[in-house]
Amino acid sequence: MILLVEDDVAIGSAIHQGLTARGFPIHWLRRGADLLDQAAGGAVSVVILDLGLPDGDGLDLCRALRAAGHRMPVLMLTARGTLDDRLEGFEAGTDDYLPKPFAFAELVARITVLARRAEELPPALIHFGSLSVDRAKGQIIRHDTALTMEPKAHAVLLQLAIQRGALIPRQRLIDTVWGKESSISDNTLDVTISILRRRLSQLAPEFTVRAVKGHGVQLVCDLIP
Ligand code: CA
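If you're wondering where the values come from, they're calculated on a predicted model, not measured in any experiment.

1. A few points about the overall build of the protein
Phase 1 of the analysis: When its secondary structure is counted, the protein shows eight helices and 13 strands.
Phase 2 of the analysis: Its C-alpha atoms give the protein principal-axis dimensions of roughly 65 × 35 × 30 Å.
Phase 3 of the analysis: Looking at the protein as a whole, 42% of its 225 residues qualify as buried.
Phase 4 of the analysis: A separation threshold of at least 6 residues defines the contact pool for the protein, and within that pool the share at least 24 residues apart is 53%.
Phase 5 of the analysis: Taken as a whole, the protein presents about 11,600 Å² of accessible surface, with 54% of it coming from carbon and sulfur.
Phase 6 of the analysis: Across the protein, the mean location of the 25 positive side-chain charges is 8 Å away from that of the 27 negative side-chain charges.

And the structure:
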């Protein structure tokens, strides 16, 4: 779904009608204040964000969106069009920029590109049984309770969850999480795994990390045979 944030009724309704007619599901917000709630609901593929909103600045909203961990593409609409404005927009986390007035065909072309890019993004949440790992926020979530993890423990868990319980060789895990050039010791991985086990026992005690000597490491759940 495309989320349009635009207070100008004439521009907003033209975009809403035009994109609906071209088969894009779209939801129109008149106020910036509702953007974060809507984005948190998921299913937003692209945001079209007006720079000048009555209840706030579009760039501040975009920064808040990124700070909350949302990575969907943002197209900024603005009456201003200087290079500084554009640079400030990119710095705030926008992906593209369209000065008003614009040709509708150009908006459609840019939205199409951004929507395609959004589809290529890996999912923000990786699920394994009742456990979800939030890539962007560094959290694990179970039954509406979220726990923020130590970054490396989170990165290890993410890899284990992506493999859906399959064994991952220790060296591959180290290369992925710390990088191929790193020279961390086996002990560092063990310490990280024990942090991860402790976090899992706090939030989701039926899950743990099993180390199989000579084979690797896997995420296991008592409830998943
Ligand atoms: Ca406006």
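Text resumes after the structure shown.
2. A word on the domain arrangement of the protein
Phase 1 of the analysis: When cut into domains, the protein gives domain 1 (2-120) and domain 2 (125-221).
Phase 2 of the analysis: Between the C-alpha centres of domain 1 and domain 2 the distance comes to 35 Å.

3. With respect to the pattern of salt bridges
Phase 1 of the analysis: On inspection of all chains with the given rule, the structure shows 14 salt bridges.
Phase 2 of the analysis: For Asp60, the salt bridge is made with Arg63, and the minimal N-O distance between the two is 3.0 Å. Here Asp60 pairs with Arg63, and both are found in helix α3 (residues 58-67), just three residues apart, close to one helical turn.
Phase 3 of the analysis: On the accessibility criterion, Asp60 (48% relative accessible area) is partly exposed.
Phase 4 of the analysis: Judged by relative accessible area, Arg63 falls into the partly exposed class, the value being 30%.
Phase 5 of the analysis: For Arg110, the salt bridge identified is with Glu106, shortest N-O distance 2.6 Å. On the criterion of helical spacing, the pair formed by Arg110 and Glu106 is a turn pair, its members being four residues apart in helix α5 (residues 104-120).

4. What to know about the coordination of the calcium ion
Phase 1 of the analysis: For the calcium ion, every protein donor is listed as Asp7 (OD), Asp50 (OD) and Gly52 (O), and the spread of their distances is 2.2 to 2.4 Å.
Phase 2 of the analysis: Here the donor residues for the calcium ion map to a single chain with the spacing D-x42-D-x1-G. Placement of Asp7 in the loop between β1 (2-5) and α1 (9-21) and of Gly52 in strand β4 (residues 52-53) is noted, with a sequence separation of 45 residues between them.
Phase 3 of the analysis: Judged by its relative accessible area of 30%, Asp7 is partly exposed.

Definitions and limits used
- Residues numbered from 1 in each chain as written.
- Predicted model: local features only at pLDDT ≥ 70, side-chain atom pairs only at ≥ 80, totals over all residues.
- Heavy atoms only, no water.
- Helix = DSSP H or I, 4+ residues; strand = E, 2+ residues; numbered from the N terminus.
- Buried < 20%, exposed > 50% of the residue type's maximum accessible area, 1.4 Å probe, protein only.
- Contact = heavy atoms within 4.5 Å.
- Areas by Shrake-Rupley, 256 points an atom, 1.4 Å probe, with all protein chains shown as cover.
- Lys, Arg positive; Asp, Glu negative; His and termini not counted.
- Charge placed at Lys NZ, Arg CZ, Asp CG, Glu CD.
- Domains from an automatic or database assignment.
- Salt bridge = Lys/Arg side-chain N within 4 Å of Asp/Glu carboxyl O.
- Donors = N, O, S within 2.8 Å, 3.2 Å for Na, K, Ca; no water.

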